[in-house]
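Chain by chain, the residues run as shown.
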Amino acid sequence: MVGVNTLREMYEQMVTARRYEQRLQEEYLEGKQPAFDISAGPIPGELHLAAGHEAAAVGVCAHLDDEDTVTAPHRPHHVAIAKGVDLDRMTAEIFGRETGLCKGKGGHMHLFDPDVNFACSGIIAQGCPPAVGAAMAADKRNEDSVAVAYLGEGAVDQGAFLESLNLAAVRELPVVFVVEDNDWAISMPQDRITDVDTIAERADGFDMPGVRVDHDDAIAVYEAARDAVGRARNGNGPTLLDVQVHRRMGHFMGDAEGYRPDEDSERAQRLDAIERLADDLRDRGVDDAELQELRELAEDRVEDAIEWAKAQPEPDPADAHEDVFVDDPAAASGGDD
Amino acid sequence: MSTDVDSESVWPADADDVDEAVVANWFVREGGAVDAGDTLCEIQIEKVSVDVPAPESGTLAERTVPENGEFRRGDVLGRIETG
Amino acid sequence: MSKPASDPGTGGVDRELTMSRAMVDAIASEMRADDEVFYMGEDVQDYGGIFDSTEGLLEEFDRDRVMDVPISETAYVGAAVGAAQAGMRPIAEIMFADFVGVCLDQVYNQMAKNTYMSGSAVNVPMVLTTAVGGEYNDAAQHSQTLYGLFSHLPGMQVVVPSTAYDAKGLMHAAVRSDDPVVYMFHKRLMGIGWMPAPEGPKTPVPEDDYTVPIGEADVKREGGDVTVATLGLHVHRALDAADQLADDGVDVEVIDLRSLVPFDTETVLDSVEKTGRLVVVDEDYQSFGVTGEVVARVAERSPDALEAVERVAIPDVPIPYSRPLETEVNPQVEDIVAAVESVE
Ligand SMILES: Cc1ncc(C[n+]2csc(CCOP(=O)(O)OP(=O)(O)O)c2C)c(N)n1
C-alpha cells in the first residue's frame, strides 16, 4: 500500500509538470504565430514537452533521494521536476537566461543540476552510459545510492542502451533503466522499428528483470519502481522498467503530427494518469477542495518560476567563450588572434 | 482573362479552427509561365504546410500576398493571366 | 548534361525551387532511373524527413525504397556500406550531423576506408546525407556543421550545396559517384516553412537532370578587391556583406567552396592572385578545420600573392543555446564585413 501522503505528493508533482508544459507551450508559441518560426519568440529552438508522461517520472523518483542520479533524454522537464531540480533556475535556462542552471549555455535538452544529481542529453540513449558510471562510482565507494536512466521506447535500438544494459548487468550495478513507452519515436510507430511485444523483453538476454507497467498509472509505476530501486540499492543489480505512457502533444512543438491517426491522439487525451490518480486520492478520502488546492499550489509555483525566469538578465555575449574548461579559461579562446 | 489563386479551396480540414496563415515560399516569379497543377506557392498554417497548385495555365500576373506575407483564410494569393 | 552553376538556365521553365525540393527532385529522378537506389533514415517515410529531405517521395515510391529505420545509426549506416559494396546505390540519412558520433566507426573506418584498404578491390557507391548548422538556438548537440571532421578523415567526398540549383546537381553527381559522398545540407537553407531561409538559396531549377561536378567551387559574386571563400549558409551572409561593402566601394569576390573533398584549390588561388586578400568564413570550429586548410593551400601554392588573410569561424567552443551567446559565436554579416575591412 502506498501512503496517502506519498500519493498527494505525487499528484502535486504531476499537476506541476503538466501545468509547466502547458505554460511553456504558451510561452514558446509567443512570437511564432501565425508564422511558425522555430527561432522566434522568448523560447527558441526545439522544445519537447512531456504531457502524458508524468506517471513514469513521479512513480520512480518518489523512491529517490538527492544523492541518487537521474539522467533524462531530450524530453526531460517532468523527470527534472520529480527529481527536485530547482524550478526557477531550470525555467531561466529554458528562457536562455544568465541565472539559468547552465548560464544559458545548455537549453532545455541539456539541463544539469548537480545539487540533485540530475543531467540530460539530446542524443538518443546517451544518458544510459553516464548513469551506469554514477552507479559504478557508488558501487566502488560502497555508497548505497542508485542511478536511473530514462529513455524512450525508440531509444532501445541504440547501441549505447544495449551496451549499458550489459555493463550494468555484468558488474551488478545499481541502475534502473526506465523506458517511457509512448508508442511513437517522432513519426515512427513502435512496431515499425522494434520487433518485440514489450520493451521489457529486452531484459531477457541480459539476465536482468524486465518489468512492464502496461497502463499509465502512477501507483503501479510506484510499486514496480519500489522493487527495482530496492533491488539496486540492496546490491542485487539492474532492472529494466518499461512503462506505458501517452504522448499528448506533438513530438516537438512545431510537429503537425500528420502521420498520427486521430484516434490515437484522442486516446492519449482520454487516458490521463492525472485524472486516474485524482480518483485514487478521492477513494482514499482526499476531497475535491484539497485536490483543487494542490492544483492551485502547482499553478502558483509554475507561474512564479516563469515570472522569475523572464525577469532574469540575458547572458553577456562575452560569456560564450567561457566554461569550455574549468581550468585556464584563456585556453578556450581558440588561440590569441 | 484572369483567374484568382484562392486560399479557401486549399485550406486543410484539420486547420478549420485557424484563419490566419503565411505564404512561406513562392515558386514562380511575377511574369513567369505556369501550367495548371504546377505548385505555385507553399502556405504555412500554424505548423502545417500546404502546396497551392495553379488553377489554370498562363502567366503569374501578380503575387497578391508576398513571400513571408500574412493573409486571412479566403484571401486571394495571386492572379494568373490566362489565354 | 552538365551546366555551370553560375549560369543556371531555366530551360524555358519559370519554376524556382527551395533547396529541399531541388534535392528531392534529384533523388526521385535517380530512384526512377535505377531500382538499385534507395533511401533510408529516421522519419523519412510519413514525416518526409525532419528537414523535408524526402518530402513527397512516398507518393511515388514504396516503403522498401523509402525506408524508415530504427534509431540505430551504426546498423543502418553500416548496412548502407554493405549494400553499396554489394553494388546497390543506397542513400542513408543521419538526421543531424551531430549524431554521427553514435555511428562514427561505420563512417570513418568502414565507409571511408574500405576502398583503400582493399586496394580498390571493393568500392562504396553510397551517399550519406545529413543536416547541418545552427542559428535557431538548438544548442550544442544539434547545431554543428562538422565540415572539418568529415573532410579530415580520408576516403569520403564531401559536398555542401548553398543553392537549390547546386543542391540538385550535386545530388545527381553524388548518387552517380562510385565513391562514398557525404552530402551536407544546411537546415536554414532548405526553405522549410517553420525555419525561414534567407534570400538566395531558392533559385530556378531545370526539370531535366544535370550534375554539378564534385570538386568544383563556384564564384557566386565576382569582385577585384577581396576574396571571401566560404560555404553553406555563410555564402549568403558573405553575399550580403559584399553588397554592404560595395556601397563603400569595396569590391568583394565570393567563392562558394561547394565541395570540400576533393577541394578546388585553383578557383581560390585564381581569385587570391587577383585580389591579394583572403577572408575564409566557416560555420565550423576554427582550429584544425576548413579555414586553416584553405589558408594553408593558398600559402603553399602562392605565398607571394597573399598580402593579407583573416579567418572567421566558430571560436573553439561548443555552440551555446541562448540567443545572444549563439549570435556571438556564429559568424554574422557584420563579422564578415569587419574581417574584409581589416584585410582591406
Ligand atoms: C542518435 C540520435 N539519433 C536520432 C536522434 C533524433 N531524435 C530525437 S528524439 C527521437 C525519437 C525518440 O523517440 P523515443 O526514444 O521513443 O522518445 P520520445 O521522443 O517518444 O519521448 C529521434 C529519432 C537523436 N536525438 N539522436
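Calculation rules
- Residues numbered from 1 in each chain as written.
- Chains lettered and ligands numbered in written order.
- Predicted model: local features only at pLDDT ≥ 70, side-chain atom pairs only at ≥ 80, totals over all residues.
- Heavy atoms only, no water.
- Axes fitted to C-alpha atoms, helices over the stretch in contact; angles between N-to-C directions.
- Helix = DSSP H or I, 4+ residues; strand = E, 2+ residues; numbered from the N terminus.
- Left-handed = near helix turned anticlockwise from the far one by under 90°.
- Contact = heavy atoms within 4.5 Å.
- Nonpolar A, V, L, I, M, F, W, Y, C, P; charged D, E, K, R; others polar.
- Salt bridge = Lys/Arg side-chain N within 4 Å of Asp/Glu carboxyl O.
- Buried < 20%, exposed > 50% of the residue type's maximum accessible area, 1.4 Å probe, protein only.
- Domains from an automatic or database assignment.
- Buried area = accessible area lost by both parts, 1.4 Å probe.
- Polar contact = N/O pair within 3.5 Å; in protein donor to acceptor, adjacent residues only side chain to side chain.

Observations regarding the packing of helix H1 (residues 4-29) of chain A against helix H8 (residues 218-233) of chain A
Residues and elements named next belong to chain A. The interhelical angle for the contact between H1 and H8, taken along N-to-C directions, is 115°, at an axis separation of 11 Å. Judged by the twist between their axes, the crossing of H1 over H8 is right-handed. Between H1 and H8, the residues in contact are Thr 6, Leu 7, Met 10 and Met 14 and Ala 218, Ile 219 and Tyr 222, respectively. Per-class residue counts for the contact of H1 with H8 are six nonpolar, one polar and no charged.

Let's talk about the pattern of salt bridges
Counted by the stated rule, this structure contains 50 salt bridges over all chains. Here Lys 202 of chain C makes a salt bridge to Glu 67 of chain B, at a shortest N to O gap of 2.2 Å. A residue pair is termed interchain when its members come from two chains, as with Lys 202 of chain C in the loop between strand E7 (181-186) and strand E8 (203-204) and Glu 67 of chain B in the loop between strand E6 (58-63) and strand E7 (70-72). Overall, Lys 202 of chain C belongs to the buried group, its relative accessible area being 17%. Judged by relative accessible area, which is 27%, Glu 67 of chain B ranks as partly exposed. With a closest N to O distance of 4.0 Å, Asp 218 of chain C and Arg 258 of chain C form a salt bridge. Of the two residues, Asp 218 of chain C is situated in strand E9 (residues 218-221) and Arg 258 of chain C in the loop between strand E11 (252-256) and strand E12 (259-261); the sequence distance between them amounts to 40 residues. The exposure class of Arg 258 of chain C is buried, given its relative accessible area of 3%. By sharing partners, the salt bridges in this structure join Arg 23, Glu 26, Glu 27, Glu 303 and Lys 310 of chain A into a single network.

What about the domain arrangement of chain C?
All names here are of chain C. Each assigned domain of chain C is listed here: domain 1 (14-206) and domain 2 (218-343). Placing the centre of domain 1 and that of domain 2 at their C-alpha centroids yields a distance of 25 Å. Contact with domain 1, which involves 33 residues of that partner, is made by 27 residues of domain 2. Taking both sides of the interface into account, the surface hidden between domain 1 and domain 2 amounts to around 2300 Å²; carbon and sulfur atoms contribute 54%. Summed over the shared surface of domain 1 and domain 2, the result is three salt bridges. Residue Asp 166 pairs with Lys 220 through a salt bridge whose shortest N-O separation is 2.8 Å. There are 19 residue pairs in polar contact (both at pLDDT 80 or more) connecting domain 1 and domain 2. Counting only elements with at least two residues in the side of domain 1 that touches domain 2, the list comes to helix H6 (147-152), strand E6 (157-159) and helix H7 (164-176). Among the elements that make up the side of domain 1 that touches domain 2, the one with the highest residue count is H6 (four residues). Across the side of domain 1 that touches domain 2, the residue classes break down as 15 nonpolar, 13 polar and five charged.

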